[in-house]
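Reading the structure
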Amino acid sequence: MDTAIEEKYTVQPILWLRRWADNLLSFRLRRPDAYRFEPGQFARLGLPLGDHGGQVWRAYSMCSAVTDEYLEFYSIVVPEGQFSSRLAQLQVGAEVMLDKKAMGFFLADRLPASKDLWLLATGTGLAPYLSILQDPGQWRRFERIVLAHCVRRAEELSYQDFIAALREHPLWDEHGHKLQYLPIVTRDAPEGVLDERIPALLANGRLERAAGLAMSPEDSRFMICGNPAMVEDTHRQLMKMGYRMSRQSAPGHLVLENGW
């Protein structure tokens, strides 16, 4: 049974941990029976500040499917960070505070259906796409889905096996061929891997060529998630290319969210 500490949150145990690199980890919390979210939304997670008293809270996008019995999250570890430095010291069985309500509007459904969906991420900005790609409805809405994940070092390309397995998932296996995964490494990239920041790859056309897809306002929709500099620069570049933000009153071509 959930331990209700306050009206707004519960305390949940860590069920599973995976350390991808010194600065990257994934973890799962037990999901309360009443917890609901849409693919692309985030949860607020909290940890006590120990001897200092009080709590520290951070927003984390769900990686898990809306049908999973757990909530999975993907985190960068910042050594001086109030939250992630504490998180990195926890083990399975430790407890994390979970706000009772999921939040956010980074939803693929905000984009009008079209031919191609481009999912652009840096680092842990990959997280919401892992949830979105477990939504059968999105596989039916688009003819092609391109997931571009940009990191500094090749060892930071987490979830590659999971992404590859998505193509074979029985809930959408007839659509699995639509997904194309484009890893991007900006430092010492392996041979054949894209090696520039996403805004530059958009500006010089290399991202289109790597995917074998031509971008156009008629056929292309974009989701952008990652570090604030990437989000801002990618947004500006797409605006130069004729794309605009999608709003409730005026559906457009792109939605965005800062990964922290």
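Residues numbered from 1 in each chain as written. Predicted model: local features only at pLDDT ≥ 70, side-chain atom pairs only at ≥ 80, totals over all residues. Heavy atoms only, no water.

The subject of this paragraph is the pattern of salt bridges. The tally for this structure, following the rule as stated, stands at 9 salt bridges. Connected through salt bridges with shared partners, the residues Arg153, Glu155 and Glu156 form a single ionic network. (Salt bridge = Lys/Arg side-chain N within 4 Å of Asp/Glu carboxyl O.)

Here we take up the UniProt feature "domain: FAD-binding FR-type" (unreviewed entry) in the protein. UniProt annotation of "domain: FAD-binding FR-type" (unreviewed entry) refers to residues 7–109 when read in the numbering used here. The span residues 7–109 shows a helical share of 4% and a strand share of 45%, and its end C-alpha atoms are spaced 30 Å apart. (UniProt positions renumbered as here; feature names shortened; annotations may be inferred. Helix = DSSP H or I, 4+ residues; strand = E, 2+ residues; numbered from the N terminus.)

Pairing is parallel in the open sheet, where 5 strands are placed in the order β10-β9-β8-β11-β12. Pairing within the sheet leaves two strands with one partner each, and these edge strands are β10 (179–185) and β12 (254–258). Each strand axis lies, on average, 10 degrees off the axis of its neighbour in the sheet, ignoring direction. In this structure, strand β9 (residues 144–151) lies alongside β10, joined through 7 bridges in parallel fashion. In the sheet register, leucine 147 faces β10, and the bridge partner there is tyrosine 181. Sitting on the sheet, helix α7 (residues 228–240) is in contact with β8 (116–122), β11 (220–226) and β12, with an inclination near 160 degrees to β11. (Pairing = 2+ DSSP bridges. Axes fitted to C-alpha atoms, helices over the stretch in contact; angles between N-to-C directions. Contact = heavy atoms within 4.5 Å.)

What follows deals with the packing of aromatic side chains. Throughout the structure, instances matching the rule amount to 13 aromatic pairs. With a centroid separation of 4.8 Å and an interplanar angle of 40 degrees, the aromatic rings of tryptophan 20 and tyrosine 159 are classed as tilted. Highlighted residues: tryptophan 20 in strand β2 (residues 9–21) and tyrosine 159 in the loop between β9 and α4 (160–166), separated in sequence by 139 residues. Judged by relative accessible area, tyrosine 159 falls into the buried class, the value being 5%. When the ring of tyrosine 60 is compared with that of phenylalanine 73, the centres are 6.3 Å apart and the planes differ by 75 degrees; the resulting orientation is edge-to-face. Highlighted residues: tyrosine 60 in strand β5 (residues 55–61) and phenylalanine 73 in strand β6 (residues 70–76), separated in sequence by 13 residues. In this structure, tyrosine 60 and phenylalanine 73 share a single accessibility class: buried. Among the aromatic residues, ring-to-ring pairing joins Trp20, Tyr74, Tyr159 and Phe162 into one connected group. Across from the ring centre of tryptophan 16, 4.2 Å away, lies the NZ or CZ of arginine 28, which sits over that ring. (Phe/Tyr/Trp six-rings, centres within 6.5 Å; stacked < 30°, edge-to-face > 60°. Buried < 20%, exposed > 50% of the residue type's maximum accessible area, 1.4 Å probe, protein only. Lys NZ or Arg CZ within 6 Å of the ring centre and 35° of its normal.)

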